[in-house]
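Analysis of the macromolecular model
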Amino acid sequence: YDMILAHSFEGAYMARTVHDIYGVPYHVTWHGSDVHTHPWRNPLVLDSTHEVMENAACNCFVSRALLNESERIIRGVRKEVLHNGVSDAFMKFSDEQRESLRKGHGVLPGDKIVAFVGSIVEVKNVRSLPAIFHAIRSRYDGNVKFWMVGDGKLRNAVEPAMLSDETIAVRFWGNVPADEMPSVMNCIDVMLLPSFNEGLPLVCAEAVRCGAKVVGSNVGGIPEMIGCESVVSHGEGFVEAMAVKAVDMLDSDMMQTVPDSMDWTAT
């Protein structure tokens, strides 16, 4: 081959090996945990990641934030930002379709749906969601229901805490097939993503493309996707600040847009 395009550490390590033996140049696309997490858990992985980046013809990162994070690993090599594209399947349905879908899921007229969509794991900061849901319910005057779309190791930790809170109505969906996600997204009013770390969470763009609003934490590529005005920094008051932004969005007609750089054709 004349060029190898590799993704993440495992693919990049193989490409580097082929490069060493046959001299074939390679490009690497880095997606998130391969830069901001795994190298800092194991010094051998850090050394290998440094060598892979150093010998690559080009290193592409899915967000500007991830590229900046990679500067801790190595400087002075070729780096570019290439946002992931969003599938055209994610689009806002007609008002009639949306109402029909919501009705089919037991959403009454006037109800608002606040959802978390993703893996129920530590890096997504899902342990904060029971408190965030409770704070939203306390602040919002109308009827609001909460959805947890996804599954993961911490489900057994957060589900009892949510279901035991009689002030909130929560539905756990488990994992949803990919081809059904646009329909689910079209039912959501506000999506929350309180992650501790992210590369470029496509779920934010998918939700916005389907007509939902998104509140996220100020980490990784989230601000690049939904704007700095829609994110909250971690620290004291994080839960309340997330709830305030969510309620503001429930009460507002404002709409978010996906950056042009995430258009599938452009990418």
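Presented here is an overview of the structure given in this document. Since this is a predicted model, take the numbers as computed values, not measurements. (Residues numbered from 1 in each chain as written. Predicted model: local features only at pLDDT ≥ 70, side-chain atom pairs only at ≥ 80, totals over all residues. Heavy atoms only, no water.)

With parallel pairing, the 4 strands of this open sheet are ordered in space as β1-β2-β3-β4. What marks the edges here is a single partner per strand, and that holds for β1 (4-7) and β4 (79-81). For this sheet, the mean inter-axis angle between neighbouring strands, taken without regard to orientation, is 25 degrees. Bridging between strand β3 (residues 58-61) and β4 involves 3 bridges; their strand directions are parallel. Across the sheet, Phe61 pairs through a bridge with Val81, a residue of β4. Packed on one face of the sheet, helix α1 (residues 8-22) meets β1 and β2 (26-30) and runs near 150 degrees to β1. Packing of helix α3 (residues 43-55) onto the sheet brings it into contact with β2 and β3, and relative to β2 it is tilted by some 130 degrees. (Pairing = 2+ DSSP bridges. Helix = DSSP H or I, 4+ residues; strand = E, 2+ residues; numbered from the N terminus. Axes fitted to C-alpha atoms, helices over the stretch in contact; angles between N-to-C directions. Contact = heavy atoms within 4.5 Å.)

Moving on, we come to the packing of aromatic side chains. Tallied over the entire structure, the rule returns 3 aromatic pairs. Relative to Phe146, the ring of Phe133 lies with its centre 4.4 Å away and its plane at 20 degrees, an arrangement referred to as stacked. Taken as a pair, Phe133 in helix α6 (residues 129-139) and Phe146 in strand β6 (residues 144-149) lie far apart in primary sequence, 13 residues in all. A single burial state applies to Phe133 and to Phe146, both of which are buried. Directly above the ring of Trp40 sits Arg72, whose terminal nitrogen or CZ lies 4.0 Å from the centroid. Lying across the ring of Trp173, Arg171 places its NZ or CZ 3.8 Å from the centre. (Phe/Tyr/Trp six-rings, centres within 6.5 Å; stacked < 30°, edge-to-face > 60°. Buried < 20%, exposed > 50% of the residue type's maximum accessible area, 1.4 Å probe, protein only. Lys NZ or Arg CZ within 6 Å of the ring centre and 35° of its normal.)

For α1, with 15 residues, the first-to-last C-alpha span of 21 Å sits near the 21 Å given by 1.5 Å per residue. By the burial criterion, the buried members of α1 are Ser8, Phe9, Ala12, Ala15 and Arg16. An end-on view of α1 places all buried positions within 125 degrees of arc, on one side of the element. Away from its buried face by more than 90 degrees, α1 exposes Glu10, Met14, Ile21 and Tyr22. On its buried face, α1 is in contact with β1, β2, α2 (33-36) and α3. Positive backbone phi, approximately 80 degrees, marks Gly23, located one or two places after α1. (Expected span 1.5 Å × (residues − 1). Arc of directions from axis to C-beta.)

Time to look at the environment of Ser261. Positionally, Ser261 belongs in the segment after α11 (238-250). Here Ser261 falls in the partly exposed class, since its relative accessible area comes to 37%. Not counting residues within four places of it along the chain, the set of residues in contact with Ser261 comprises His83 and Thr267. In this structure the side chain of Ser261 is engaged in a polar contact, spanning 2.6 Å, whose partner is the side chain of His83. (Polar contact = N/O pair within 3.5 Å; in protein donor to acceptor, adjacent residues only side chain to side chain.)

A separate point is the sheet that holds strand β10 (residues 231-232). Taken together, the 6 strands give an open sheet; going across it, the order is β7-β6-β5-β8-β9-β10, and neighbouring strands pair in parallel fashion. Edge positions in the sheet fall to β7 (170-174) and β10, since each has one partner strand and no second. Pairing of strand β9 (residues 213-217) with β10, which is carried by 2 bridges, proceeds in the parallel orientation. Looking at the pairing, Gly216 lines up with Val231 of β10. Set on the sheet, helix α7 (residues 155-163) makes contact with β6 and β7; between it and β7 the angle comes to about 155 degrees.

Right, let's get into the pairing of β6. Two faces make up the sheet, and in a regular strand the side chains alternate between them. In terms of burial, β6 is a largely internal element, 5 of the 6 residues being buried. Alignment of strand β5 (residues 112-117) against β6, held across 6 bridges, turns out to be parallel. Residue pairing for β6: Phe116 is matched across the bridge by Met148. Regarding topology, α6 serves as the crossover connection from β5 to the parallel β6, and that connection is right-handed. Bridging between β6 and β7 involves 4 bridges; their strand directions are parallel. Bridge pairing links Met148 to Phe172 in β7. As for the winding sense of the linkage, the β-α-β connection from β6 through α7 to β7 is right-handed. (Right-handed = clockwise from strand over helix to strand, strands pointing away.)

Right, let's get into the pattern of salt bridges. All chains considered together, the criterion is met by 14 salt bridges. A salt bridge links Arg78 to Glu80; the shortest N-O distance between them is 3.4 Å. Assessed through its relative accessible area of 47%, Arg78 is described here as partly exposed. A salt bridge links Lys145 to Asp111; its shortest N-O distance comes to 3.1 Å. Remark: Asp111 occurs in the loop between α5 (95-104) and β5 and Lys145 occurs in strand β6; sequence separation between them is 34 residues. Judged by relative accessible area, which is 25%, Lys145 ranks as partly exposed. Taken together, the shared-partner salt bridges in this structure form one network comprising Arg16, Asp20 and Glu51. (Salt bridge = Lys/Arg side-chain N within 4 Å of Asp/Glu carboxyl O.)

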